[in-house]
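Coordinate analysis (summary)
Letter by letter, the chains look like this.
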Amino acid sequence: MEINMNRPQKLSELLNTAGRKELADILRYFVREARPEELSGLMRCASRLREQYYGKKVYFRGLIEFSSYCKRGCYYCGLQRNNANAVRYRLSEDEILACCGAGRKLGFRTFVLQSGEDPYHSDERLCGIVSGIKARFPDCAVTLSVGERSRDSYRRLFEAGADRYLLRHETADEAHYGTLHPPEQTLKNRMRCLYDLKELGYQVGAGFMVDSPGQTCETLAEDFAFLRRLQPQMVGIGPFIPHKDTRFADYCRPSSEKTVILLALVRVLLPKVLLPATTALGTIDPLGREKAFQAGANVLMPNLSPAAHRKDYNLYDNKICMGEEAAECVERLSGRVTAAGFVPDFSRGDHVDWENRLPRGRERILIRGE
Ligand code: 5AD
């Protein structure tokens, strides 16, 4: 394959114009055949593109896992509804606000509220939580990651002040989607959610697991083609890690290499994207996050949830959540970022195309003030 790694723009163009078959060939080449010097070329390419838009900054976000109840049945996930071994908890609004308060003191300006699909969280309750956070911490961004909801619900949450929304598409291949989820969960609805969120004005995050059961270079090509169509502002990519209470318990734990390569390729596909070095990657490889930064990742999401509940937000086995993962140890984690040659950043860290926009709702005030 003729790919010139010294011309990031060219590789970007190639990924953005290739048809499905060619995309699958490129992916296969990088994950299976490329020589070490070609892979370091890819990493350089990805780093240069990231630097063009974000410099060496790594954005910190505080993650609050506020409910482990879930009505969904995703076959790979430890929180699926029929896992009777899962410990279920739910934080109260006051507890969530206390997490934000502690996070704000530590310097965080983005709170990521993540939960299973918990029917307890009606629009009214969630809107109350979002507007409560925005009223107390007006300089902070709120990211929601609470699953599939109606367009109307997404609209109400946006109006309550939510800025961003994370909803991994998991796989953009219909048949593959069907092997990972029960029949009532459809790829079509998942995609509908993502397009709705985008149209409503959220900064949107899609994403997928690497080496999920049944994944092939062809299904990955569908993922890349979908990301190209959706143009999300964020993409979450982490390795699939088996959970003992699921049907995929006996799958082997992956290595970090393929995830790192795919992170770099997504950076090249979407040069301006915000790309987290995920907890799952840190779980399977102690140096996973450093490798991710070299591959173009630029976001970290340490855990702000109350320590007592952290072990119960159990998506996969052995999830790291203490020590440096914990937001209390943010200094140690930012020390690691600095040691790796990057710059920890505690600003809101919006997507570059958002930074030049006026803050929502303040347009008139700013115009008058000018
Ligand atoms: N391994 C890795 N990631 C997982 N997720 C769920 N289960 C697993 C697992 N076993 C990811 C999914 C989901 C996100 C919240 O966590 O991609 O979107």
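Residues numbered from 1 in each chain as written. Predicted model: local features only at pLDDT ≥ 70, side-chain atom pairs only at ≥ 80, totals over all residues. Heavy atoms only, no water.

1. Topic: the side chain of Asn83
Here Asn83 lies in the loop between β2 (62–67) and α4 (93–106). Look past the residues within four positions of Asn83 in its chain and what remains in contact with it is Gly78, Arg88, His243 and Asp245. (Helix = DSSP H or I, 4+ residues; strand = E, 2+ residues; numbered from the N terminus. Contact = heavy atoms within 4.5 Å.)

2. A closer look at the site of the ligand
Taken together, the neighbourhood of the ligand is formed by Tyr76, Cys77, Arg168, Glu170, Met209, Pro239, Phe240, Ile241, Leu315 and Tyr316. Taking Arg168, its side chain carries an N or O atom lying 2.9 Å from an oxygen atom of the ligand. Isolated, the ligand exposes 400 Å² of accessible area, and the fraction of that covered by the protein chains is 88%. Here the residues of the shell around the ligand are counted per class, giving eight nonpolar, no polar and two charged. (Near = heavy atom within 4 Å. Polar contact = N/O pair within 3.5 Å; in protein donor to acceptor, adjacent residues only side chain to side chain. Areas by Shrake-Rupley, 256 points an atom, 1.4 Å probe, with all protein chains shown as cover. Nonpolar A, V, L, I, M, F, W, Y, C, P; charged D, E, K, R; others polar.)

3. Topic: the environment of Ser47
Here Ser47 lies in helix α3 (residues 36–54). For Ser47, a relative accessible area of 13% gives the class buried. Sequence-distant contacts of Ser47, defined by excluding residues within four places in its chain, comprise Phe293 and Gln294. (Buried < 20%, exposed > 50% of the residue type's maximum accessible area, 1.4 Å probe, protein only.)

4. A look at the packing of helix α1 (residues 8–17) against helix α10 (residues 257–269)
One can describe the packing of α1 onto α10 by two numbers: an axis separation of 8 Å at closest approach and a directional angle of 90°. Taken together, α1 and α10 sit at an angle that is classed as roughly perpendicular. Of the residues in α10, those in contact with Pro8, Leu11, Ser12, Leu15 and Asn16 of α1 are Leu265, Val268 and Leu269. Taken together, the residues of the contact of α1 with α10 sort by class into six nonpolar, two polar and no charged. (Axes fitted to C-alpha atoms, helices over the stretch in contact; angles between N-to-C directions. Parallel < 35°, antiparallel > 145°, perpendicular 65-115°, else oblique.)

5. Quick notes on the environment of Gly349
Assignment of secondary structure puts Gly349 in the loop between β9 (343–345) and α15 (352–355). Using a relative accessible area of 2% as the deciding quantity, one classes Gly349 as buried. Sequence-distant contacts of Gly349, defined by excluding residues within four places in its chain, comprise Tyr59, Arg61, Arg164 and Leu274.

6. Quick notes on the packing of aromatic side chains
Under the counting rule described, the total for this entry stands at 13 aromatic pairs. Each ring, one from Phe60 and one from Phe346, has its centre 4.7 Å from the other, and the planes form 25°; the classification is stacked. On the criterion of sequence distance, the pair formed by Phe60 in strand β1 (residues 57–60) and Phe346 in the loop between β9 and α15 is long-range, its members being 286 residues apart. With a relative accessible area of 0%, Phe60 lands in the buried category. Measuring from centroid to centroid gives 5.7 Å for Phe108 and Phe346, while their planes differ by 75°, and the two rings are edge-to-face. Remark: Phe346 occurs in the loop between β9 and α15 and Phe108 occurs in the loop between α4 and β3 (110–115); sequence separation between them is 238 residues. Taken together, the ring pairs in this structure connect Tyr154, Phe158, Tyr165 and Tyr202 into an aromatic cluster. Note that Lys56 overlies the ring of Phe342, its terminal NZ or CZ placed 4.9 Å from the centroid. (Phe/Tyr/Trp six-rings, centres within 6.5 Å; stacked < 30°, edge-to-face > 60°. Lys NZ or Arg CZ within 6 Å of the ring centre and 35° of its normal.)

7. Here's the deal with the nonpolar core
Ranked by size, the top nonpolar core spans 108 residues in total, and within it Phe30, Leu42, Phe111, Ile133 and Tyr202 carry the most contacts. If you tally residues by element for this core, the top one is α10, at nine residues. Phe111 has contacts with Gly62, Ile64, Cys100, Gly103, Arg104, Ile133, Phe137, Cys140, Ala141, Val142, Thr143 and Leu304, leaving out every residue within four places of it along the chain. The next biggest cluster of nonpolar side chains, apart from the first, holds nine residues, and it includes Tyr54, Leu63, Val112 and Leu274. (Core = buried A, V, L, I, M, F, W, Y, C linked by side-chain atoms within 4.5 Å.)

8. Details of the layout of surface pockets
To find leftover empty space, one rolls a probe the size of a water molecule over the atoms. By volume, the second largest pocket is sized at about 150 Å³. Lining the second largest pocket, in full, are Gln231, Pro232, Gln233, Leu270, Pro271, Lys272, Val273, His351, Asp353 and Trp354. Of the residues contributing to the lining of the second largest pocket, the split by class is five nonpolar, three polar and two charged. (1 Å grid on protein atoms, 1.4 Å probe; cavity = no way out; pocket = protein on both sides within 12 Å on 5 of 7 lines; lining within 4 Å. Points joined across faces, edges and corners; volume = space filled by probe spheres on them.)

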